[in-house]
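Fold and geometry: a report
Listed below are the residues making up each chain.
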Amino acid sequence: MKSEKKILLIIPAYNESEGIVDNINTIKKYIKNCPYNLEYVVINDGSTDNEEEILTDNNINHIELIQNLGIGGAVQTGYMFAKENGYDIAVQFDGDAQHDIHSLPNLIEPVLRDEVDFTVGSRFLDESNSEFKSSKLRQLGIKILSNLIYITSKIKIKDVTSGYRAGNKKVIEQFVKRYPRQYPEPESYMHLFAKNIRVKEVGARMFERTTGESSINMIKGINYMISVSLSIIASSLIGRETE
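Residues numbered from 1 in each chain as written. Predicted model: local features only at pLDDT ≥ 70, side-chain atom pairs only at ≥ 80, totals over all residues. Heavy atoms only, no water.

Under an unreviewed UniProt entry, the name given to the chain is Glycosyltransferase family 2 protein, and the organism recorded is Lactococcus taiwanensis.

**Regarding the pattern of salt bridges**
Under the criterion given, the structure shown has 9 salt bridges. Its salt-bridge partner being R205, residue D100 comes within 3.9 Å of it at the nearest N-O pair. Of this pair, D100 sits in the loop between β4 (89–92) and α4 (104–112) while R205 is found in the loop between β7 (199–203) and α8 (218–235), placing the two residues 105 residues apart along the sequence. Accessibility expressed as a relative area gives 32% for R205, which makes it partly exposed. Ionic pairing is found between R113 and E109, a salt bridge with its closest N-O pair at 3.6 Å. (Salt bridge = Lys/Arg side-chain N within 4 Å of Asp/Glu carboxyl O. Helix = DSSP H or I, 4+ residues; strand = E, 2+ residues; numbered from the N terminus. Buried < 20%, exposed > 50% of the residue type's maximum accessible area, 1.4 Å probe, protein only.)

**With respect to the environment of V111**
Note on placement: V111 falls in helix α4. With 17 residues separating them along the chain, V111 and S128 place their C-alpha atoms 18 Å apart. Ignoring sequence-local partners within four residues, the contact set of V111 consists of I89, V116, D117, T119, A166, G167 and N168. (Contact = heavy atoms within 4.5 Å.)

**Focus on the packing of helix α6 (residues 169–177) against helix α7 (residues 184–194)**
For the pair α6 and α7, interaxial distance at closest approach is 11 Å and the crossing angle is 120°. Both α6 and α7 take part in a crossing whose hand is right-handed. Between α6 and α7, the contacting residues are V171, Q174 and F175 on the first element and S188, H191 and L192 on the second. Residues that form the contact of α6 with α7 fall into these classes: 3 nonpolar, 3 polar and no charged. (Axes fitted to C-alpha atoms, helices over the stretch in contact; angles between N-to-C directions. Left-handed = near helix turned anticlockwise from the far one by under 90°. Nonpolar A, V, L, I, M, F, W, Y, C, P; charged D, E, K, R; others polar.)

**Some thoughts on the nonpolar core**
Membership of the largest hydrophobic core comes to 34 residues, with the highest contact counts inside it found for Y79, F118 and Y189. Residue assignment for this core shows that the elements contributing at least two residues are β1 (6–13), β2 (37–45), α3 (70–84), β5 (118–122), α5 (136–153), α6, α7 and α8. Excluding its chain neighbours within four sequence positions, the residues that come into contact with Y79 are I10, A90, Q92, F118, I172, F175, V176 and Y179. (Core = buried A, V, L, I, M, F, W, Y, C linked by side-chain atoms within 4.5 Å.)

**Overview of the packing of aromatic side chains**
One pass over the structure, following the stated rule, counts 8 aromatic pairs. An angle of 65° between the planes, with centres 5.0 Å apart, marks the rings of Y79 and F175 as edge-to-face. Of this pair, Y79 sits in helix α3 while F175 sits in helix α6, and the two are 96 residues apart along the sequence. A relative accessible area of 0% means that Y79 is categorised as buried. Summarising the aromatic geometry, the rings of F118 and Y189 are spaced 6.4 Å apart at their centres and angled 70° between planes, so their arrangement reads as edge-to-face. Placement of the pair is F118 in strand β5 and Y189 in helix α7, with a sequence separation of 71 residues. For the pair shown, F118 and Y189 are each scored as buried. Following the ring pairs from residue to residue traces out a cluster consisting of Y79, F118, F175, Y179, Y189 and F193. The ring centre of Y150 lies 5.8 Å from the NZ or CZ of K154, which sits over that ring. (Phe/Tyr/Trp six-rings, centres within 6.5 Å; stacked < 30°, edge-to-face > 60°. Lys NZ or Arg CZ within 6 Å of the ring centre and 35° of its normal.)

**Quick notes on the packing of α5 against α7**
Orientation of α5 relative to α7, taken along the N-to-C sense of each, is 20°, at an axis distance of 11 Å. The orientation of α5 relative to α7 falls into the category roughly parallel. Of the two elements, α5 crosses α7, and the hand of that crossing is right-handed. Contacts from L145, I149, T152 and S153 of α5 reach α7 at P186, Y189, M190 and F193. Here the residues of the contact of α5 with α7 are counted per class, giving 6 nonpolar, 2 polar and no charged. (Parallel < 35°, antiparallel > 145°, perpendicular 65-115°, else oblique.)

Following this line, the structure appears as structure tokens:
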């Protein structure tokens with residue numbers, strides 16, 4: 001019997017025409033055999049390739065944005081869709097097939113049991129069976145951001161740039177109101193902590209990208225670290241809500 005809770009996979013995709021069909025077919029196969037009331041929506045973030053044509057021709061459920069909003073705007077669109085359609089849990093899932101759909105129970109089960117409000121899938125926990133950890137340089141950057149978040153919040157999240165995350169209705173409501181646009185994952189934790197949202201890091205398997213291009217390259221790396229660090233510090237000044 002399927003779970004009564006409605007769960008939505010939010011799949012942002014920008015110029016992912018090469019691999020999006022295979023990724024969605026893997027998700028559809030999982031949905032058919034999983035114990036969850038699970039659906040998906042692709043957010044076509046103003047792609048300049050033929051992604052829209054491919055999504056339409058293959059009857060893939062999607063929302064087309066008429067211009068590129070960036071990962072933050074695309075994901076927030078998905079959260080708006082989740083709220084408007086009464087989903088109980090929303091899961092962020094990359095359109096480039098880097099996330100293993102079979103790790104989904106690790107993310108949603110703690111939320112279903114009301115142990116936490118929000119989970120983040122991590123490559124760096126002992127219980128993760130992910131062989132792919134990203135490049136050494138990116139791992140260093142992730143570690144720096146993780147330590148900065150810990151210094152400012154006293155909460156440890158190892159895989160702070162992971163886009164494999166799940167949240168309940170409280171989180172959906174929060175992200176509909178405000179979701180950081182440019183570098184959303186690290187900064188968003190500070191806003192969740194300020195709202196006393198319970199966050200847990202869980203093990204998840206991830207794969208190396210085989211199609212498309214990453215939104216962050218070596219040239220952007222230094223600016224990324226500076227911008228994200230300043231955003232985390234600024235967000236840490238938000239006062240926590242009282243219980």
